Every structure is written in C-alpha cells, then in structure tokens.
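# Examining the three-dimensional arrangement
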Amino acid sequence: MMTKGTMSKKTLKTLIEKGSIVTPGGVIEQGDVLIEGERIVAVGTDLRKTIEKHDEVTFISAEDKIVLPGGVDAHTHLDMPLEDFSSADDFKTGTIAAALGGTTSIVDYAEIGPSSMQEGFSTWMEKAHGRAVIDYGFHMTVKRCDPQILREMSQMVNQGVTSFKVFTAYPGRMMLSDENILRVMKRAAELNALVVVHAEDGELIEELINRKKRAKSLDPIDHALTRPSAGECRAVRRIVEMAEIAGARVVIAHISALQAADVVREAKKKGVKVYGETCPQYLWLEQNRLKAPGIQGAAFICSPPLRDITHLNALWEGLANGWIDILSTDHCPFNIKGQKDLGVLSNGGFDFTKVPGGLPGVQTRFLLAYAGGVLAERFDLVRLAEITATIPAKVFGLAPRKGALTPGADADIIILNPGETTSFDAVDLSSNLDYSPYEGMRMEGLVETVFSRGECIVSDARFIGEAGRGKFIPRHIDKGAEDNRVNN
Ligand code: MN
Ligand code: MN
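Residues numbered from 1 in each chain as written. Chains lettered and ligands numbered in written order. Predicted model: local features only at pLDDT ≥ 70, side-chain atom pairs only at ≥ 80, totals over all residues. Heavy atoms only, no water.

## Quick look at the coordination of the manganese ion (ligand 1)
The protein atoms donating to the manganese ion (ligand 1) are His198 (ND1) and His254 (NE2), with metal-donor distances spanning 2.2 to 2.3 Å. The manganese ion (ligand 2) is placed at 3.5 Å from the manganese ion (ligand 1). Placement of the pair is His198 in strand β12 (residues 194–198) and His254 in the loop between β13 (249–252) and α8 (258–270), with a sequence separation of 56 residues. His254 carries the same exposure label as His198, and that label is buried. (Donors = N, O, S within 2.8 Å, 3.2 Å for Na, K, Ca; no water. Helix = DSSP H or I, 4+ residues; strand = E, 2+ residues; numbered from the N terminus. Buried < 20%, exposed > 50% of the residue type's maximum accessible area, 1.4 Å probe, protein only.)

Here is the structure:
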C-alpha cells in the first residue's frame, strides 16, 4: 500500500513491438520483447497491455522486421601483437564494427605474458578497458606448457577465463607437442574447462613450405597449397582422438575442410565432446581469390586457407545439419599498406612467408550467414540465431545471460530490416582497415538497431554508444552444455 508522500517509482522500459521474434523455441510473429533496465523481462505478444501507467516506456516498432539475439562472436583477435605491429583493429574500432554488424559479445584470444598467464590476462584486460563498446570475455592461448602454466589454468577459470587454445601448427611459435596438448586437455578436463584447437598439421606444412622455398614458388596461392585440406583433417583426427583419451571438451576452431567436418561429425556420433566452429570466409570466399597477383592475392591469406567450392558447400551443409555448431569470425585484420604488402619483394617477386595471415569479419558475419543460410534456404532463422549466438553462448559459458531472447537474459538484441541492403565495401565498413574481402558485394538486409544490456548502441545503422561501456563477462563452467547434436 502506498502511503501519502511516497513517490511512485518510475521504471524505465523499452518495448520492441510487432516483429518476427526469433526465440529458441521458434519465431513469434507479430511478437514483442519487453526490456527493463539491462534485462529482457518478457517475450510474447500484446505486451503493451502489461505496461503500467507509471512506467516510462520507449516504444520501438519492429513491423516487417526480424528481432534476434545479439551475436556472440567467440573468435576475435583485437589489438593482437605480431612481431613489429598489431592487428588493425583495437578494442574500440573492432567492437564498434562488431556492434554495427549485430554482435553484442566477443570472446577474444589473450596470450600468456612473458612470465605468467595472469600477466597475459591483465594485459588483455587493459587493452579492452575504456575501449570496448560491447561485452567481452577472453580465451587464453597456451603457447607453452610447463607445470606453472598447468597450475595457472585453475586461477584463470576462477577469474572467468574458461577456455584454453592450443595449436597443432606454427612450430617454434605456437605449436605444442601432442604430449603437451594431452597435458592441457587433461588439466582442462579436471577443471571442466574447454580446449579450443587450431588444427592444421604444423610439421607437414613446414616441409611443404620448405619445398616451395627451394622451388622459389612463393606466390599467395602457394600459401594455400602448403596447407592442404588433408593436413587439416589429419590434425583434427589427432585432436579428436586425444580429446577422447583425455575426456576433454574440445572446440575445433575455424574448420575449412570438408574432411575435417566429417571427422567432427563422426566423433560426435561416437559421443566425443567435440564442437565445430567455422567462419564466413570459409563459406563465401573461394581459393581462386589467392590466384590474383601480389598484394591482391595476399589480401586473402589466412590460415587455414580459403578452399574450393566443394568445401564451401560442405560447410554450409554442416552448419545446417549440426556437424558444425558455431559461426565465429577469426577477425584478425591486417592492412594492405604496410602489412599485407610485406610480401612484395624489391625485385618485383612475392614471398607469402612474410605476409601476416588473417582476414577481417567482425562486421560482416551476421548478414553473410543470413544471406547464405536463411535467404538461400539452407536453414531457418532459429538456426541462424543458434550458430551466431545461442550455441556459442552455451558452449563458451556466457549463457543464460547471453545468446537468446528469453526473460532474464541480458537485453542484447538486434533488429534486422530485411527490406534494406548493406554495402560491404571497405569505405562503408567501420573497421580500421584499408580493404574489404567482400568489396563490391551488396548484401540483403540491414542491421538497423542494436541493444546491448538494454542500451540502444546502434540506431538507424549508426553507432551511438560510448567507448568503454562494454564489460568483462566472466564465463562460467557449463559441463551440461552438451549441445553438439547432429541431425544426420
Ligand atoms: Mn587459428
Ligand atoms: Mn584465430
């Protein structure tokens, strides 16, 4: 009962009305999402009638629009140091680009510091602090393995860093031996943590690179030829076998080869706790891009490399049928000028071994998945939300706060206008980058509005948020997230 003199407390609410609301259970047509503060409080129809007189409400019409959970991009490399420079986007430019593309959480790859994991974690926290505009978490890259590192893994888990990345590639830099990978997996299994693997066969690749060097054949396409799909498959098979031995939960990062996807599918059927991740570049860009001469080809150098159309089709099928669970970006951009052009030799020749590998993608992921998946009728809107938000949130321990339009979750929401289009030319993208791998492409759909924890940060497809508003989200351990189902 209200006594005289008591002010009625105003509640700030936002009601998104009459859109196609994509929930884990299906699409609600003419549906509404009610936001109160930072959270979603209701999802349904006719929610206007639940509004009380004293509520202060912002009404947003989603008529003829699609309302989806804000994207979770579980694979980015912002401000990542590489020899003399860093990846082209820092936590400000990279997360603004992500927000404009419909992503509201990222999980970025931190690296072990010179003396400890803790030091690396602090370094990455500082990189993000004051810059990130959306929420973020970190994986820890384990590029060396010793008793201290294995001990520190539990310290990381306690601080919300619950996934560890290992490499079967890049000998001398990142690669761990199989016995060390097994040690990391065993420790992760004890902690219920995840192991993410860059799975390509490093030793085999090294030999193929040496042969190319001797033959003086180092054009951009040669980079791809030194990293064959069979080598990726071989590494994935080893990892899956080790995961089975260790009883570890494993994510195969950036699957690019159909044989690798097949291995993941068969392992899932056997009950191995393995999840598959792929990226839009492996779905949209064919290997012949690398045949362009010099820097034009070098713009497309990444590892694993782009592959032929058979692989692209198989990966789409994998996403539709559940062999592949997660669509991330591996956003690791390097400019043509001063970075990708390091491969240009003074004699006019080319040397791919001098080119930093990596492609941008943080802004383009969602619409590429929407076009190639939903519009091409490979899968529906619910699956689109699953691979871009719901499953990565579950697997990486951000659920139930992130990844789905459900009451109680953070109000991380995107409104897609399917009647508009979006240019993917470099000048129209927000990334701090001098080229776009999707130059000349105009995509169906426009990410018009984005909410992050209830705050509208993208309006009319323009970023209106503030640098530094993003928060570190400690991730939990979710051993029950057995969402690696296979439909056939
Ligand atoms: Mn990688
Ligand atoms: Mn990566």
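## Thoughts on the domain arrangement of the chain
Looking at the chain, the domain boundaries give domain 1 (2–68 + 406–419 + 436–463) and domain 2 (70–393). Look at where the C-alpha atoms of domain 1 and domain 2 centre, and you get two points 32 Å apart. On the side of domain 2, 29 residues touch domain 1, which itself brings 30 residues to the contact. Three residues stand out in domain 1 for area buried against domain 2, namely Pro437, Tyr438 and Phe463, and they jointly supply 28% of the buried area on that side. Linking domain 1 to domain 2 there are 1 salt bridge. Of the charged contacts in the structure, one is a salt bridge between Arg453 and Asp135, with a shortest N-O distance of 2.7 Å. Summed over the shared surface of domain 1 and domain 2, the number is 2 residue pairs in polar contact (both at pLDDT 80 or more). Of all the secondary-structure elements, those providing two or more residues to the side of domain 1 that touches domain 2 are β1 (12–23), β2 (26–36), β5 (66–69), β16 (413–423), β17 (442–452), β18 (455–459) and β19 (462–463). Here the side of domain 1 that touches domain 2 gets 8 residues from one element, more than from any other, and that element is β17. (Domains from an automatic or database assignment. Contact = heavy atoms within 4.5 Å. Buried area = accessible area lost by both parts, 1.4 Å probe. Salt bridge = Lys/Arg side-chain N within 4 Å of Asp/Glu carboxyl O. Polar contact = N/O pair within 3.5 Å; in protein donor to acceptor, adjacent residues only side chain to side chain.)

## Some thoughts on empty space enclosed by the protein
Throughout the structure, instances matching the rule amount to 3 cavities of 30 Å³ or more. In this model, the largest cavity occupies a volume close to 100 Å³. Lining the largest cavity we find 14 residues, and of these Pro360, Gly361, Thr364, Leu429 and Ser431 sit closest to its centre. Its residues placed into classes, the lining of the largest cavity shows 8 nonpolar, 6 polar and no charged. Split by domain, the residues of the lining of the largest cavity number at least three in each of domain 1 (2–68 + 406–419 + 436–463) and domain 2 (70–393). By volume, the second largest cavity amounts to about 40 Å³. Around the second largest cavity, the lining is made up of 12 residues, and of these Thr162, Leu194, Arg249, Val395 and His476 lie nearest the centre. Looking at the lining of the second largest cavity residue by residue, the class counts come to 5 nonpolar, 4 polar and 3 charged. (1 Å grid on protein atoms, 1.4 Å probe; cavity = no way out; pocket = protein on both sides within 12 Å on 5 of 7 lines; lining within 4 Å. Points joined across faces, edges and corners; volume = space filled by probe spheres on them. Nonpolar A, V, L, I, M, F, W, Y, C, P; charged D, E, K, R; others polar.)

## Topic: the nonpolar core
Among soluble globular proteins, nonpolar side chains are generally buried collectively. Counting residues in each nonpolar core, the largest one holds 118 residues, and the members touching the most others are Phe138 and Met185. Per element, the largest residue contribution to this core is 8 residues, and it comes from helix α7 (residues 229–246). Here this core gathers at least three residues from each of two domains, domain 1 (2–68 + 406–419 + 436–463) and domain 2 (70–393). Those residues in contact with Met185 that lie beyond four places of it in its chain are Val195, Ile239, Met242, Ala243, Ala246, Ala248 and Val250. Among the nonpolar cores identified, the runner-up in size contains 18 residues, and Val72, Leu194, Ala253 and Ile326 belong to it. (Core = buried A, V, L, I, M, F, W, Y, C linked by side-chain atoms within 4.5 Å.)

## Considering the sheet that holds strand β15 (residues 326–327)
The strand order across the open sheet built from 8 strands is β6-β9-β10-β11-β12-β13-β14-β15, with neighbouring strands paired in parallel fashion. Each end of this open sheet is capped by a strand with a single partner; those strands are β6 (71–76) and β15. Relative to β12, strand β11 (residues 163–167) runs parallel, the two being bridged by 5 bridges. Bridge assignment links Phe164 to a residue of β12, and that residue is Val195. Contacting β6, β9 (103–111) and β15, helix α12 (residues 365–375) runs over the sheet at an angle of about 115° to β6. (Pairing = 2+ DSSP bridges. Axes fitted to C-alpha atoms, helices over the stretch in contact; angles between N-to-C directions.)

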